[in-house]
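Notes for the structure review
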Amino acid sequence: MSIVVGEVIAVSGVRISLRIFEDSNQETIFYDGVKYRGVSLREHISIQRGFIDIVCLVEGEFLDEKKLDSDAEKTQYIRKVDVRPIGYVVDDKFFEGVKYMPMIRDRASLLSELMVGKVYGTEGKTSFSIGSMLKENVPINLPWTRLFNSHLGIFGNTGSGKSNTLAKLYTTLFDEKLPALKQKSQFVIIDFNGEYTENQILPAKDKQITVLDSKKAKHRFKIEAAHFWDIETLSLLFQATTNTQQPFLRRVLSGKDKFKDAPLKHYVEKVFEKVFSTGEAKSDALDLSREIARMIDCEPLQKHLSGIIYYNKDKYFKHNNGTYYNSNGNGFEGNIKPVIDEHVHLDGMDQFDELILRCYLQLCSDVVFGYAQYEHIQPVLARAKSSITALRNVLEIVVVPPPPHLLHVISLKKCKNEIKKILPLLIAKNFYTNHKDSENLKSPPSRTLHLIIDEAHNILSEQSTREHEIWKDYRLELFEEIIKEGRKYGVYLTLSSQRPADISPTIVSQIHNFFIHRLVNERDLMLLDNTISTLDSSSKALIPTLAKGCCVVTGTAFELPMILKIDPLLKEHRPSSDDVNLEELWALPEKL
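All of these numbers come straight from a predicted model, not from anything done at the bench. In every chain, residue numbers begin from 1 and rise along the written sequence. Confidence filtering applies because this is a predicted model: local features only for residues at pLDDT of at least 70, side-chain atom pairs given and counted only at 80 or more, and all residues used for totals across whole chains, interfaces and linings. Note that the side-chain values use all heavy atoms of the structure and ignore hydrogens as well as water.

This brings us to unusual backbone geometry. The residue Asp32 is not glycine, and still its phi comes out positive at about 55°. Secondary structure follows DSSP: runs of H or I at least 4 residues long count as helices, runs of E at least 2 residues long count as strands, and numbering of each begins at the N terminus. In this structure, Asp32 sits in the loop between β3 (28–31) and β4 (34–37). Looking at Asp32, the relative accessible area reads 73%, which means it is exposed. Only protein chains enter the accessibility calculation, which uses a 1.4 Å probe; a residue whose area is less than 20% of its type maximum is buried, one above 50% is exposed, and one in between is partly exposed.

What follows is the structure, encoded as structure tokens:
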């Protein structure tokens, strides 16, 4: 039995007005050992329509005047509330949506806290709880099966508690399901601020932690050679232009693939033969040959090339010892080829140096045949040489990918901004491509990959002006492909960000479920309003005033939006993003 607190006095569309009885203003009511909450904003009320209970949410209240006929000067005030139906209860089971509407004089009753829990939680189906409802303080069990096979968005201003929400969500998952996850799923955290490199989510000994440092080669991310020697990857790394530099890099890769069994030393010899056995010598080719000799650290070759002079009038090479280098090839065969055969050794060269060397050899060959102009290609080579040092410290190129770990945390805290822009793209591409190839279009997928990107606005922003336009287009295209097509391969994204408005609208529109902490920027609120169909007006109005640790939870996994207070994690399991306690920091030592 429930407590009757009022009756229906008006129904207009889906807006219902109730007259509340005089004795129903208490904050909390205990009846027959059951706790009920009184009638106030965002509380729940049940309206009886025959054998159906219509569940409504209070959205406003006001006083109305009523003149008494017996005493015209005396005024009586009637408390009225506006409510909105959100579902109905049949046989003690809640169903979401408006199917039934009440009629005038139908009775309105309070809902017990137990029934409120049934409305929002999944009682009896799951024990997956990360917090409780803000106002009712009822623990809510989340539908984890529908949550983790979807794309998640966790948004909120700095200090609003979104890092705790992200950590609590996955900590609870591993606490509840750890044995079942092994060998079936892989979780990858791209951590820009080093917040998950200790005992967060899982103990440090049970997860792989890769701390990348662009200055010191402590840890390296292992990337497959097939993914590194790729036209898209190299174009992104070195910001190659579409019309001239990308075709050049494509020629570099096709040459490597075509002559993959030939030793690199043979390639060097053939290019030098082209340069010094051509009918029309090119001065740029001589400069490039000297640069190649410096790169392979061959002093005898450098010494010989320093003595070669280019004669511009007749376009030929002549050594200061009197040797001519012309199309008959005698000069090359007698002077340069023996030096290369005896003194050039390239067996110990790593793949980064090999890439630069192949680029210079290709450019040298292109200049001789007139396929490319030196000044058009030189900028991409300069960028490549400057980037290689930092990339060598954070990347290791391998032939066979390493075995997957259940949880792999990749920290970019010690990387330069330039590397922070590039690496997440390579990491995501590497994991996504490997997973997609291994699944081979099985339906449904037998394994899942979960990419978790903290501070996602760093790499998913449409507003960035610090990068090449082509790079930005491809970066967004890759993540848009993952979020649009990844679901069918079992690939899911979890994005955490302070500025959802900066993230590509295509990406935000594909997110299924949201945990929205305090946001005050009008552009962020407008984006949510235009993107999230399940967010009602009363929940949206609360977002700018939410307390720390509270969030609006809505999406396809939830029948109704709800306000949750997320349980704080213990200090040793919290992400490394706590506020500074200035009272302790600036405290003076106590005087004895």
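So, next bit.
Patch definition: residues with relative accessible area over 30% and no salt bridge; like charges joined within 9 Å; nonpolar side chains (Val, Leu, Ile, Met, Phe, Trp, Tyr) joined within 5 Å. In short, Shrake-Rupley with a 1.4 Å probe defines the accessible areas, and a residue's cover is counted only from the protein chains shown. For this analysis, a salt bridge means a side-chain nitrogen from Lys or Arg found within 4 Å of a carboxyl oxygen belonging to Asp or Glu. Lys and Arg are tallied as positive, Asp and Glu as negative. Neither His nor the chain termini are counted. The atoms used to mark charge sites are NZ of Lys, CZ of Arg, CG of Asp and CD of Glu. Positive charge collects at one region of the surface, where Lys215, Lys216, Lys218, Lys413, Lys414 and Lys416 lie side by side. With respect to the helices and strands, the residue Lys216 is situated in the loop between β14 (208–213) and β15 (221–224). Assessed through its relative accessible area of 58%, Lys216 is described here as exposed.

Scanning all chains against the criterion turns up 24 salt bridges. The salt bridge involving Glu59 is made with Arg84; its shortest N-O contact spans 2.6 Å. Remark: Arg84 occurs in strand β7 (residues 75–90) and Glu59 occurs in strand β6 (residues 52–67); sequence separation between them is 25 residues. A residue is classified by how much of its surface remains accessible, and Glu59, at 23% relative accessible area, is partly exposed. The network of salt bridges with shared partners includes Glu7, Arg19 and Arg105.

Once that is clear, we can look at the sheet that holds strand β17 (residues 316–319). Only strands that DSSP links by at least two bridges are regarded as paired with each other. Taken in spatial order, the three strands line up as β16-β17-β18 in an open sheet, and their pairing is antiparallel. Edge strands, defined here as strands with exactly one partner in the open sheet, are β16 (308–311) and β18 (324–325). Summarising the sheet, β16 and β17 pair through four bridges and their orientation is antiparallel. In the strand pairing of β17, Tyr310 is matched with Phe317.

What follows deals with helix α8 (residues 283–295). With 13 residues, α8 extends 19 Å from end C-alpha to end C-alpha; this agrees with the ideal 18 Å at 1.5 Å per step. Those residues of α8 that are buried lie in contact with α7 (264–276), α9 (299–306), β16, β17, α11 (351–369) and α12 (374–394). Asp297 sits one or two residues past α8 and shows a positive phi near 55°. For a helix, the expected span equals 1.5 Å multiplied by the number of residues minus one. Whether two residues are in contact is decided by their heavy atoms, any of which lying within 4.5 Å being enough.

What follows covers the packing of α11 against α12. Where α11 contacts α12, the axes come no closer than 10 Å and their chain directions differ by 175°. Classed by the angle they form, the pair α11 and α12 counts as roughly antiparallel. On α12, the residues that touch Phe352, Asp353, Ile356, Cys359, Tyr360, Leu363 and Val367 of α11 are Tyr374, Ile377, Gln378, Leu381, Ala384, Lys385, Ile388, Leu391 and Arg392. Among the residues forming the contact of α11 with α12, the class breakdown is 12 nonpolar, one polar and three charged. Here an axis means a line fitted to C-alpha atoms, over the contact stretch when the element is a helix, while the angle between two N-to-C directions is reported on a 0 to 180 degree scale. Angles are sorted into four bins: roughly parallel if under 35 degrees, roughly antiparallel if over 145, roughly perpendicular if 65 to 115, and oblique for all others. Three residue categories are used. Nonpolar comprises Ala, Val, Leu, Ile, Met, Phe, Trp, Tyr, Cys and Pro, charged comprises Asp, Glu, Lys and Arg, and polar comprises the others, including Gly.

Ordered in space as β11-β10-β25-β24-β23-β12-β22-β21-β13-β20-β14, the 11 strands form an open sheet in which the pairing is mixed. Of all strands in the sheet, those bounded by a partner on one side alone are β11 (139–141) and β14. Across the sheet, the mean angle separating the axes of adjacent strands is 25° when strand polarity is ignored. Here four bridges tie strand β12 (residues 152–155) to strand β23 (residues 513–516), and the two strands are oriented parallel to one another. The residue bridging Ile154 from the neighbouring strand is Phe515, located in β23.

Glancing now at a nonpolar patch on the surface. Side chains of Val580, Leu582, Leu585 and Trp586 sit close together on the surface and give an oily, nonpolar patch of about 480 Å² of accessible area. Structurally, Leu582 can be placed in helix α19 (residues 582–585).

This paragraph deals with helix α17 (residues 522–531). Of the positions making up α17, those classed as buried are Asp524, Leu525, Leu527 and Leu528. When α17 is viewed along its axis, its buried side chains cluster within an angular range of 160° and face the same direction. Opposite its buried face, α17 presents the exposed residues Glu522 and Asn530, each directed more than 90 degrees away. Along its buried surface, α17 packs onto β12, α16 (505–509), β23 and α18 (537–542). Its side-chain oxygen placed 2.8 Å from the backbone nitrogen of Arg523, Asn521 serves as the N-cap of α17. In this description, the arc belongs to the directions extending from the helix axis to the C-beta atoms. Polar contacts here mean pairs of N or O atoms no more than 3.5 Å apart (in protein, one a potential hydrogen donor and the other a potential acceptor; neighbouring residues in sequence count only if both atoms are side-chain atoms).

The criterion for an aromatic pair is that two Phe, Tyr or Trp rings (for Trp, the six-membered ring) have centres within 6.5 Å, with stacked assigned to planes under 30 degrees apart, edge-to-face to planes over 60 apart and tilted to the rest. Across all of its chains, the model carries 19 aromatic pairs by this definition. Between Phe221 and Phe431, the aromatic rings sit 5.8 Å apart at their centres with planes inclined by 55°, giving tilted as the arrangement. Placement of Phe221 in strand β15 and of Phe431 in helix α13 (residues 417–439) is noted, with a sequence separation of 210 residues between them. On the accessibility criterion, Phe221 (3% relative accessible area) is buried. Among the aromatic side chains, those forming a connected cluster through ring pairs are Phe128, Phe148, Tyr170, Phe174 and Phe187. Two thresholds decide whether a charge sits over a ring: the Lys NZ or Arg CZ must be within 6 Å of the ring centre and within 35 degrees of the ring normal. Above the face of the Trp229 ring, Lys256 is positioned so that its terminal group lies 4.6 Å from the ring centre.

Further remarks concern the side chain of His435. Assignment of secondary structure puts His435 in helix α13. Beyond its immediate stretch of four places on either side in the chain, His435 contacts Arg447, Thr448, Leu449, Tyr489, Gly490 and Val491.

The next point concerns the packing of α8 against α9. If you want to describe how two helices pack, look at the angle between their axes and the distance between the axes. At a closest axis distance of 8 Å, the pairing of α8 and α9 adopts a crossing angle of 160°. If you check the angle between α8 and α9, you find them roughly antiparallel. When you trace α8 past α9, the crossing you get is left-handed. Listed contacts from α9 to Ser289, Arg290, Ala293 and Arg294 of α8 are Leu301, Gln302, Leu305 and Ser306. A breakdown of the residues in the contact of α8 with α9 according to their chemical character gives three nonpolar, three polar and two charged. Crossings are assigned a handedness: left-handed for a near helix turned anticlockwise from the far helix by less than a right angle, right-handed for a clockwise turn.

Counting 110 residues, the largest nonpolar core has Phe272, Phe276, Leu301, Ile336 and Phe479 as its most contacted members. If one sorts the elements of this core by residue count, α11 sits on top with 11 residues. Ignoring sequence-local partners within four residues, the contact set of Ile336 consists of Phe272, Phe276, Leu301, His304, Leu305, Ile308, Tyr325 and Gly331. If you look at the next biggest cluster of nonpolar residues, it comprises 45 residues, including Val55, Val116, Leu169 and Leu173. By nonpolar core is meant a set of buried Ala, Val, Leu, Ile, Met, Phe, Trp, Tyr and Cys residues that side-chain atoms within 4.5 Å join together.

Turning next to the environment of Thr145. Topologically, Thr145 is positioned in helix α2 (residues 144–147). Overall, the relative accessible area of 47% leaves Thr145 in the partly exposed class. Along the backbone, Thr145 and Phe128 are 17 residues apart, and their C-alpha atoms lie at a distance of 9.9 Å.

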